[in-house]
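Observations on the model geometry
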Amino acid sequence: MSAGMERSGHFKPTPGHFEVLNASTGTNVTLTPKTDEKQESFAFQVTLASVLGLITLATILSNAFVIATISQSRKLQTPANFLIASLAVTDLLVSVLVMPICVLYTVTHVWSLGQVICDIWLSSDITCCTASILHLCVIALDRYWAITDAVEYAKKRTQARAAGMVATAWIIAISISLPPFFWRQVKAGELTTCSVNTDHIFYTIYSTFGAFYIPTLLLIALYGRIYVEARKRILKQSPKKAGKRLTSAHLSTNSPSPLHCGRQDLYSDSGSLGSDNQIRVTVSDSLLEKKRISAARERKATKTLGVILGAYIVCWLPFFIYTLLVPLCPSCFYAELFDFFNWLGYVNSLINPIIYTMSNDDFKKAFHKLISFRCCRRQ
């Protein structure tokens, strides 16, 4: 998310110097190897562009796969996964509309795309990054209602409600990105920088708190409640009363590695058959099994949300602290540090789909089916 820090020429290697003796005057003359300096600078720019380009490409592909996986699997088309798909769409917009131009600007340090593209890029940057952050709040809020008021919320948890929550996130994001354009000043002559004007300290406070600090406090509070409620439900998974017991029996012959199934196996010799056959009786507690599965899901969902929250804070906290600090202390601004924090925030759009895909078994299965289907069609 770009802020209003003007970038000067940076990321330039320190030039080397050497001295030679001027024969006519007998004095030393210092020469700068400009050719070596240009070669080192160009090599650095190519390396930087390659790294940032790979991050951008990976972000595009990972979010596109999440969207495709959900759209192709009916099992995943639930209100909760609708929110995840919407987050993936938002992160995909970040990777398509914002990151490629930021690669060019970060590498060259000169804006050469004109005022119109600058306005579109800045508005897309602030809006999409803020919407991505607010989507995490929406997902956490949905999870909180689902775990604290499961019965009632199950009736209200519809696609229309999810769409309303997503629309609210976008409206808030747009309201944060629009104000700078009301006091934007069109610069005469050629535009060499593209940044939001931070002369309005109140807007800086409004935007940073609206886009990060308030959502972060909400996320921490929600995750704390979710963790407490999940722990309560997990501890209740040891029932005092046994549930319905399901009993099954089947004939099996002696073998070096018999198949064991269920919780209890009872064996009975079948002497009347005149052989070594045995009857295996399996007794299982269906209620206990259901509660074990439910507890495992609760643990996994809570852990996933915790990982997402941790990744989000690590990626965005340095940027927003720095953004709030610089207007108060202009001498604290270092372009290299700003660019690093800015791209660290963008990396969050790459991490989100990876966490959801790796932590959800349904996503993994649907993803593998999608990949195998694509491979079969190519063959």
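The following refers to the structure shown. Please read these numbers as outputs of a predicted model, since none were measured by experiment.

Observations concerning the packing of aromatic side chains
For the structure on display, the rule yields 18 aromatic pairs. Relative to Trp-111, the ring of Tyr-105 lies with its centre 5.4 Å away and its plane at 80°, an arrangement referred to as edge-to-face. For the pair Tyr-105 and Trp-111, a shared accessibility class is recorded, and that class is buried. Here the aromatic rings of Trp-343 and Tyr-346 are separated by 5.2 Å at their centres, their planes lie at 90°, and the arrangement is edge-to-face. Taken together, the positions of Trp-343 and Tyr-346, both in helix H8 (residues 335-359) and 3 residues apart, correspond to about one turn of that helix. We note that Trp-343, like Tyr-346, is buried. Put simply, the rings of Phe-209, Phe-212, Tyr-213, Tyr-312, Trp-316, Phe-319, Phe-320, Phe-333 and Phe-338 pair up and form one aromatic cluster.

Examining the side chain of Asn-81
Its place among the elements puts Asn-81 in helix H2 (residues 79-108). Apart from the residues within four sequence positions on either side, Asn-81 is in contact with Ile-70, Leu-76 and Phe-363.

Describing the pattern of salt bridges
For side chains of opposite charge, pairing can occur when their charged atoms come near one another. For the coordinates displayed, the defined rule picks out 2 salt bridges. Notably, a salt bridge pairs Asp-142 with Arg-157, separated by 2.6 Å at the nearest N-O pair. One end of the pair, Asp-142, is in helix H3 (residues 114-148); the other, Arg-157, is in the loop between helix H4 (150-156) and helix H5 (159-177), and 15 residues separate them in sequence. The exposure class assigned to Asp-142 is buried, which follows from its relative accessible area of 5%.

Cut-offs used in this document
Residues numbered from 1 in each chain as written. Predicted model: local features only at pLDDT ≥ 70, side-chain atom pairs only at ≥ 80, totals over all residues. Heavy atoms only, no water. Phe/Tyr/Trp six-rings, centres within 6.5 Å; stacked < 30°, edge-to-face > 60°. Buried < 20%, exposed > 50% of the residue type's maximum accessible area, 1.4 Å probe, protein only. Helix = DSSP H or I, 4+ residues; strand = E, 2+ residues; numbered from the N terminus. Contact = heavy atoms within 4.5 Å. Salt bridge = Lys/Arg side-chain N within 4 Å of Asp/Glu carboxyl O.

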